[in-house]
Amino acid sequence: MKRSFILAGAGASALVLLSAACAVDPESTEESVEESRWKWPTHGHGGHTGTSSSSHSASSSSHASSSSASSSSHSSSSSSSASSSSHSSSGAGAGTASSSSSSVSSSSSSSSSSGGGTVTGGLFTAKNPWNTAVAGETKSSTSDAIINWLSSNGGWGGGAMQMDFSITVLKADSSTPLKTFTTTSSFYTPDCDHVPFPLPATGSIEGESGFECTQGGDCHLLVVHTPTNKLYEMWKANVENGTFYGGCTAVWDLNKTYPASLRGDGCSSADAGGFPIAGMLFTPDEVASGEIDHALRFILPNSRIRGGDVFVHPGSHTTESTSGGADAPPYGVRFRLRADYPLANLPSEGARVIARAMQKYGMFLADGGTVALTGESDKYSTHKYADMDIDSHSLKALAVKDFEVVEMGALVSYDHDCHRN
């Protein structure tokens with residue numbers, strides 16, 4: 001399968017990346033202002049807002065987080081659907097995206113034009129937990145307790161499994177300038193990387209039409225830098241009046257096999273659990289290919305994530321915002337859809353492709369928020385979610401009790417310090 005990106009080099013034409021596919025129920029953004037933010041007593045991120053709100057770690061000095069839960073970057077509809085219109089990008093280095101057949105095919109098309117491209121087999125070329133199959137792995141002895149606790153305490157955010165399609169991964173080539181950004185109170189040391197960041201001439205951050213963070217959301221900026229094969233991820237990115245501001249930033253080497261603690265125990269990333277975001281986003285072109293060969297990213301309300309300053313590998317971080325009990329799922333836990341789940345219950349082959357990935361690779365608890373599952377926007381992809389009969393409610397039949405916990409290691413105590421690898 002192939003993963004397509006927008007090429008956002010210096011010559012790329014203007015792109016508006018908000019996706020109609022990100023519609024969610026208005027009542028599903030249920031978390032309070034305090035729950036929707038990361039709280040950092042002594043180090044890490046303060047929190048994410050909106051449907052994918054999260055909690056991060058604070059720096060070595062004390063940081064208080066304040067935020068608002070924002071859903072304004074998403075359109076709300078009780079029967080939301082993915083964008084069905086086709087889009088094309090023209091100009092030097094811009095990829096072309098157009099809607100194709102309405103069925104899920106056996107192979108995905110790649111974006112074409114000068115400088116455009118795809119990444120085969122997901123983002124990471126090296127083996128890591130998120131691209132390692134676990135279909136045959138042992139069910140955890142704690143699985144029943146964790147699943148029953150979550151099911152009895154509200155289950156997925158919003159009451160049912162929904163999907164958010166608001167994040168787009170940009171692609172930067174050798175013409176894309178590496179720009180220095182001004183850190184904000186959302187940047188923490190030593191968790192975050194203060195390095196020159198590839199900022200495309202055109203594109204947008206999560207939940208916005210451009211690079212200015214105006215809606216109070218997470219404003220994630222995700223860029224794959226192809227000359228170095230590195231993934232740059234920034235939380236709370238903002239370009240305002242010509243100045244590039246940035247919150248916590250993590251740079252991931254796509255050729256590297258990371259240790260069990262990823263970037264280091266106690267270290268956050270652009271996601272609260274310390275994971276790479278883009279490495280676990282499924283894409284419309286992956287769905288169209290008939291196979292997603294990596295684990296997925298899922299989130300829960302902070303009150304349903306285990307509190308008590310603990311997490312499990314391959315997660316590397318937790319937050320003070322979490323308040324679930326001793327049987328609540330901790331950050332870093334991997335859920336797997338039961339092998340005997342009747343996939344025929346799902347409304348489309350596209351939905352079944354996503355579900356099969358959850359049976360084979362599972363999904364990692366990576367952030368705090370309301371809408372459970374995250375897929376990459378189809379705004380400029382070759383295939384469109386709507387053409388595959390996928391919308392934000394296509395997996396609503398999947399209940400918490402349809403999952404099990406894959407065998408996990410011992411709980412890791414979070415001492416409020418980041419120990420970088």
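Everything quoted here is computed from the prediction, not taken from an experiment.

1. Re unusual backbone geometry
Part 1 of the reasoning: For the bond running from Thr 189 to Pro 190, omega is 10°, close enough to zero to count as cis.
Part 2 of the reasoning: Of note, Pro 190 is situated in the loop between strand 7 (182-183) and strand 8 (197-198).
Part 3 of the reasoning: Cis peptide bonds are those with omega within 30 degrees of zero, and the linkage from His 313 to Pro 314 qualifies with 10°.
Part 4 of the reasoning: By secondary structure assignment, the location of Pro 314 is in the loop between strand 15 (310-311) and strand 16 (334-337).
Part 5 of the reasoning: One non-glycine residue, Leu 262, lies in the positive phi region at around 55°.

2. Considering the sheet that holds strand 12 (residues 243-246)
Part 1 of the reasoning: Pairing is mixed in the open sheet, where three strands are placed in the order 7-12-11. Lying at the two open borders of the sheet, with one neighbouring strand each, are strand 7 and strand 11 (238-240).
Part 2 of the reasoning: Sheet topology note: the strand 7/strand 12 ladder contains two bridges and is parallel. What sits directly across from Thr 182, in strand 12, is Tyr 245.

3. Side note on the pattern of salt bridges
Part 1 of the reasoning: Inspection of every chain in the model, using the stated rule, returns eleven salt bridges.
Part 2 of the reasoning: Linking Arg 263 and Asp 193 is a salt bridge whose minimum nitrogen-to-oxygen distance equals 3.4 Å. In this pair, Arg 263 sits in the loop between strand 13 (249-253) and helix 2 (284-289) while Asp 193 sits in the loop between strand 7 and strand 8, placing the two residues 70 residues apart along the sequence.
Part 3 of the reasoning: Taking the shortest distance from any N to any O, the salt bridge between Arg 297 and Asp 367 comes out at 3.0 Å. Of this pair, Arg 297 sits in strand 14 (residues 296-300) while Asp 367 sits in strand 17 (residues 363-368), and the two are 70 residues apart along the sequence. Like Asp 367, Arg 297 is buried.

The rules we used
- Per chain, residue numbering runs from 1 following the sequence as it is written.
- A pLDDT threshold of at least 70 governs which residues receive local features in this predicted model, and a stricter bar of 80 or more applies before side-chain atom pairs are shown or counted, although totals over entire chains, interfaces and linings include all residues.
- Think of the side-chain values as coming from all heavy atoms in the structure, minus any hydrogens and water.
- Only DSSP runs of H or I covering at least 4 residues are called helices, and only runs of E covering at least 2 are called strands; the numbering of each starts at the N terminus.
- A pair of strands is treated as paired once DSSP finds two or more bridges between them.
- The term salt bridge refers to a pairing of a side-chain nitrogen on Lys or Arg with a carboxyl oxygen on Asp or Glu at a separation within 4 Å.
- Exposure is judged per residue with a 1.4 Å probe applied to protein chains only, and the accessible area is read against the type maximum: over 50% gives exposed, under 20% gives buried, and values in between give partly exposed.

Interpretation in functional terms is not warranted from these geometric data alone.
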